[in-house]
Amino acid sequence: MTAQHPPVVEEPSIGQVMGILSGYWHTKILLTATEADLFTVLSGGSATAEELADRLRFRLPGASDFLLALAGIGLLEAAEDGTFRNSAAAEAFLVSGRPGYVGGYLKFCDRELNPAWDGLGESLRTGLPRNAAAREGNPYHTLYQDTEATDSFLESMDMLNTPILERVGALDWSPYESFVDVGGARGNLAHHLTGAHPHLKGAVFDLPPLAEAFGTHMKALGGGDGIAFHGGDFFSDPLPGADVIVLGHVLHNWGPKDRAALLRTAYDAVRPGGAVLVYDPMVSNSRPPLYATLASLSMLVWSAGGGEYSVAECHALMKEAGFRPETVGPEDTVDDVLVLGHKDR
């Protein structure tokens, strides 16, 4: 007979609590290093704490502790000779000018999302965002009045939609001739789609202040001369007609009533036989991944009633608008879920 051993019960540890608290300190360390452009300064080389303090105008001994902390959280490597160099992750994602640079998103979080998170308790009690502009209806109107904030936001949007480009481009676009990327910012997705499928005629619909940034970005990318920009507000203006309307990382910014209204507007713009394409970090069960939950809370505190929603809710809203929904992306994933809504001829 095999001896029965009682199950091992883990004792509670204060580290479980303090580890979460120190996450805020990790964030401040990362943001401070990014603001100082430390990782760009170190790119491809190494330096001592004294050399870096001199170049960044930091003071010792605080600068030394700061660099050791960056090494402790895996963003720098500390050598035995007292020098520091970027870790592989820092070299790939935190060096300005690199394709994977996420500095714009970090600045957007620091300027917009993190201050809004300070009002989490208030938002949970009232159901309203901390963001004053969102309380008035649309946080983007105020955001786009600040050039630096706009640039950071647009860089972050490009970073966030980069992983989805290949998946959207891999869909079968042969039945369609045109698309409009609603809320498409400066045209990252539109540029990729027209490059991958030259037969497509593409356009971006977004708020008028983004027209200049769109033009500049298209020139920088090259080959986007045929992509049009339409300025407008999708809550008050009709969308340009097209075979496919793309709503990527849009619906989760708004509450259920606004989502339904946007899909009805999209239905009016989609030509017979066309479709609406929606992608967001949707969930498909009652225990969504932590990423989706945190994204949902970010929308609660910053946007106008936004939050993550389920695949089933997306299907229901599409049916209500007149579309026939079809999930074409994987569910139960930390990545975005793709849902197509077909419009009958």
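Structural data are supplied above this passage.
Structural notes, computed from the coordinates.

About the cut-offs
Residues numbered from 1 in each chain as written. Predicted model: local features only at pLDDT ≥ 70, side-chain atom pairs only at ≥ 80, totals over all residues. Heavy atoms only, no water. Helix = DSSP H or I, 4+ residues; strand = E, 2+ residues; numbered from the N terminus. Buried < 20%, exposed > 50% of the residue type's maximum accessible area, 1.4 Å probe, protein only. Pairing = 2+ DSSP bridges. Right-handed = clockwise from strand over helix to strand, strands pointing away. Phe/Tyr/Trp six-rings, centres within 6.5 Å; stacked < 30°, edge-to-face > 60°.

1. Structural notes on unusual backbone geometry
- For the bond running from leucine 60 to proline 61, omega is 5°, close enough to zero to count as cis.
- Locating proline 61 in the fold gives a position in the loop between α3 (49-56) and α4 (62-72).
- Phi is positive for aspartate 37, close to 60°, though the residue is something other than glycine.
- Looking at where aspartate 37 falls in the secondary structure, it is placed in the loop between α1 (14-35) and α2 (38-42).
- Given a relative accessible area of 28%, aspartate 37 falls into the partly exposed group.

2. Details of the pairing of strand β4 (residues 178-182)
- The element β4 is largely enclosed, with a buried count of five among its five residues.
- Burial along β4 is two-sided: the residues Ser178, Val180 and Val182 and Phe179 and Asp181 are all buried.
- Judged from the five bridges that link them, β4 and strand β5 (residues 201-206) form a sheet pairing that is parallel. Bridging from a neighbouring strand, aspartate 181 pairs with valine 204 of β5.
- With respect to chirality, the unit in which β4 leads through helix α11 (residues 188-196) into the neighbouring parallel β5 is right-handed.

3. Comments concerning the packing of aromatic side chains
- Under the counting rule described, the total for this entry stands at ten aromatic pairs.
- With centroids separated by 5.2 Å and ring planes inclined at 40°, the aromatic side chains of phenylalanine 214 and phenylalanine 229 adopt a geometry described as tilted. Separated by 15 residues along the polypeptide, phenylalanine 214 in helix α12 (residues 211-221) and phenylalanine 229 in strand β6 (residues 228-231) bring together distant segments of the chain.
- Taking the relative accessible area as the measure of exposure, phenylalanine 214 reaches 6% and is therefore buried.

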